[in-house]
Amino acid sequence: MKSIIDDMTILSSSESDRKALRLAVGEMLDAILSSFSDDKAYSGIDPDLLRSAITELPVLPETGSGWEDMMDSVRKDILPHMLRTWSTSYMPHLHSPVLVETIAAELMIAAFNSSMDSWDQGPAATEIEVRVVNELLSIFGYPEEADGTFTSGGSQSNISAMIIHRDRFLQNMGYDPKKNGLPEDFHKLRLYVSEISHFSFDKGAHILGLGYDSVVKLPVDEFCRIDTEKAERIIMADKADGLLPFMIAATVGTTDFGSIDDLRALRDIADRHGLFLHADAAYGSGAMLSSYSDRVSSLPLADSITVDFHKMFLIPISASALLVRDGSELDAFQLHADYLNREEDEEDGYINLVGKSMQTTRRFDALKVYMAFRMRGRSGYRKIIDRMIGNAAYFYSRISSNEEFIAPVKPELSSVVFALRGGDERNRKARRALMKEGIIIGQTVYMDQVMLKFTLLNPLLDEKRIDELIGRISAL
Ligand SMILES: Cc1ncc(COP(=O)(O)O)c(C=O)c1O
């Protein structure tokens, strides 16, 4: 059957296009809502079966099959097997359900398709991003000269931090890396991270041409935090060997354990040895808005901070920011193009954000943060994030007093790593068996042992549901 949407090309202000958009969005919304049949995280289908069904689907036929047929396929082939992040049976990753108002924000982002590179591609979008960044700088206790930029995620924020600190470090040595590339002894540059830091630092080292060997992994203590005494000894030994340490990247919320490195001690070490200090708070930054903010209150000590909104802040992918204490470091990304960000326009007050970012065309993700922050306020977020951290404390207290389980590290945020006693195979099998029931939990390794993981970002989880899940795992 033909729909009026088939006659539509682009969204415009014409009456017929408005009608078509209302219909398209309405039908999609109905399709989404009718796919919410139960609280399972996913249908439980085997990957082989799903793959073979999807392999059969036509993608680009010579003649398009039209809106109705395409939507039938979305309803039948895709929606039933979508992962439902809001399910209280889903807790493997730092992958969150999303706040309702941010889904409405996504619609606005797509409808206007603003781009953040130049003011003339997003006047209100540019001004709102600047406003939101300024608010973030104040939340994270940064001074007047600080600045920041939205990015596609924690990985890009971390890699951007590596670029700006490497550049400033080399500039301080009288070298111009923007013009000349890497100096002759570039292979001596060293970046220090926790041995359980996120892999984006290794990826960044490769992309920057420094190589994996430039990333020194610092040992952690029994709480999964960088052992700062050993860290300083390693940095001193590297300096004595003629290497060039330029940056420490602390993790404020490690991916598996949510452990928080000691920023105060690392700040002192960085100052003593002339290094930049970056805080990868992709995960832990959310705690700043909770009643547990004292756990992350030393974040302002870092020279730069990665903040991911698509983790604890419950904002749809993608939304992240890099905040920089000395905003001029973002000049690493500044270039002028005649077609895009003319200096004369900037002198006249047109802000072109392209000069602060590794991206050119960039989404208006700041809108989602603006809408959620404005609507919920500090108290709304406090309630949500307190629930996540409280749930983790509850789960930990239950399993650490249960003989069937081992839980080696007390949670500081909302993740708990644990295992069933009885060996690796038993834990692997338990996770797979739960998956068949539509319950998805995490799996990782701690001290060479296979462990299970609950990442509790869902504010719908409560003590009753947590007890049920413990019961299911015990029963397996
Ligand atoms: C501590 C930490 N840093 C960085 C990242 C990367 O973030 P993204 O996936 O948004 O690139 C993650 C992802 O889980 C993380 O846990």
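In this text the structure is predicted, and so the values were computed from the model without any measurement. (Residues numbered from 1 in each chain as written. Predicted model: local features only at pLDDT ≥ 70, side-chain atom pairs only at ≥ 80, totals over all residues.)

## Regarding the overall build of the protein
Along the protein, the regular secondary structure elements total 14 helices and twelve strands. In summary, the protein has a C-alpha radius of gyration of 24 Å against a globular reference of 23 Å for 476 residues, a match within 12%. Its C-alpha atoms put the protein at 75 × 70 × 45 Å along the principal axes. Looking at the 476 residues of the protein, the share that counts as buried comes to 40%. Pairs at least 24 residues apart make up 72% of the contacts formed inside the protein by residues separated by at least 6 positions. (Helix = DSSP H or I, 4+ residues; strand = E, 2+ residues; numbered from the N terminus. Rg over C-alpha atoms; globule rule 2.2 N^0.38 Å. Buried ≥ 20, exposed ≤ 12 C-beta atoms within 10 Å, placed from the backbone. Contact = placed C-beta atoms within 7 Å.)

## Some details on the packing of helix α6 (residues 154-172) against helix α8 (residues 200-207)
What describes two packed helices is the angle between their axes and the distance between those same axes. Look at α6 against α8: their axes get within 9 Å of each other, and the N-to-C directions meet at 50 degrees. The orientation of α6 relative to α8 falls into the category oblique. Relative to α8, the crossing made by α6 is right-handed. In this structure, α6 uses G154, S155, N158, I159 and M162 to contact α8, whose residues at the interface are S200, F201, K203, G204 and I207. Its residues assigned to classes, the contact of α6 with α8 shows four nonpolar, five polar and one charged. (Axes fitted to C-alpha atoms, helices over the stretch in contact; angles between N-to-C directions. Parallel < 35°, antiparallel > 145°, perpendicular 65-115°, else oblique. Left-handed = near helix turned anticlockwise from the far one by under 90°. Nonpolar A, V, L, I, M, F, W, Y, C, P; charged D, E, K, R; others polar.)

## What about the sheet that holds strand β8 (residues 320-324)?
Spatially, the seven strands line up as an open sheet ordered β2-β8-β7-β6-β5-β3-β4, and their pairing is mixed. A single partner strand is all that each edge strand has here, and the edge strands are β2 (147-151) and β4 (215-218). Within the sheet, the average angular offset between the axes of one strand and its neighbour, ignoring direction, is 20 degrees. The pairing of β2 with β8 spans five bridges and is antiparallel. Residue pairing across strands places D147 opposite V324, the latter belonging to β8. Packed on one face of the sheet, helix α10 (residues 263-273) meets β5 (244-251) and β6 (276-281) and runs near 170 degrees to β5. (Pairing = 2+ DSSP bridges.)

## Here we look at the site of the ligand
For the ligand, the set of nearby residues contains 15 residues, the closest of which are G153, G154, S155, H198 and T255. Tallying contributions element by element places α6 first for the shell around the ligand, with three residues. Classifying every residue of the shell around the ligand by side-chain character gives three nonpolar, ten polar and two charged. (Near = placed C-beta within 6 Å.)

## Concerning unusual backbone geometry
A cis amide bond, omega 0 degrees, links I317 with the succeeding residue S318. Residue placement: S318 occurs in the loop between β7 (304-308) and β8. For C224, which is not glycine, the phi torsion reads 65 degrees and is therefore positive. Inspection of the secondary structure assignment puts C224 in the loop between β4 and α9 (228-240). In this structure, M447 takes a positive phi of about 50 degrees despite not being glycine. Following the sequence through the fold, M447 ends up in the loop between β11 (440-446) and β12 (449-455). Residue class for M447 comes out exposed when judged on the 7 C-beta atoms lying within 10 Å of it.

## Notes on the pairing of β12
Side-chain direction in a regular strand flips from residue to residue, so the side chains alternate between the two faces of the sheet. Burial of β12 is extensive: five of the seven residues sit out of reach of the surface. As defined by bridge partners, strand β10 (residues 415-420) adjoins β12 across four bridges and the pair is classed as antiparallel. What sits directly across from V416, in β12, is F454. Pairing between β11 and β12: five bridges, direction antiparallel. What sits directly across from V445, in β12, is V450. Linking two consecutive strands that pair antiparallel, namely β11 and β12, is a turn of two residues; a positive phi of about 50 degrees is found at M447 within it.

## Some remarks on α10
Where α10 is concerned, the buried positions are L263, L266, I269 and A270. The buried side chains of α10 occupy one side of the element, clustering within an arc of 120 degrees when seen end-on. Counted as exposed and oriented over 90 degrees from the buried face of α10: R264, D271 and R272. Backbone geometry just after α10 places G274 at a positive phi near 70 degrees. (Arc of directions from axis to C-beta.)

## Regarding the domain arrangement of the protein
Domain parsing of the protein yields domain 1 (4-84) and domain 2 (106-371). The distance between the C-alpha centroids of domain 1 and domain 2 comes to 37 Å. (Domains from an automatic or database assignment.)

## Structural notes on the sheet that holds strand β9 (residues 405-406)
Ordered in space as β1-β11-β12-β10-β9, the five strands form an open sheet in which the pairing is mixed. Lying at the two open borders of the sheet, with one neighbouring strand each, are β1 (90-91) and β9. As judged from the two bridges shared by β9 and β10, these two strands associate in the antiparallel manner. Counted as the bridge partner of I406 is A419 from β10. Taken strand by strand, helix α13 (residues 424-436) contacts β10, β11 and β12, and its axis lies near 35 degrees from that of β12.

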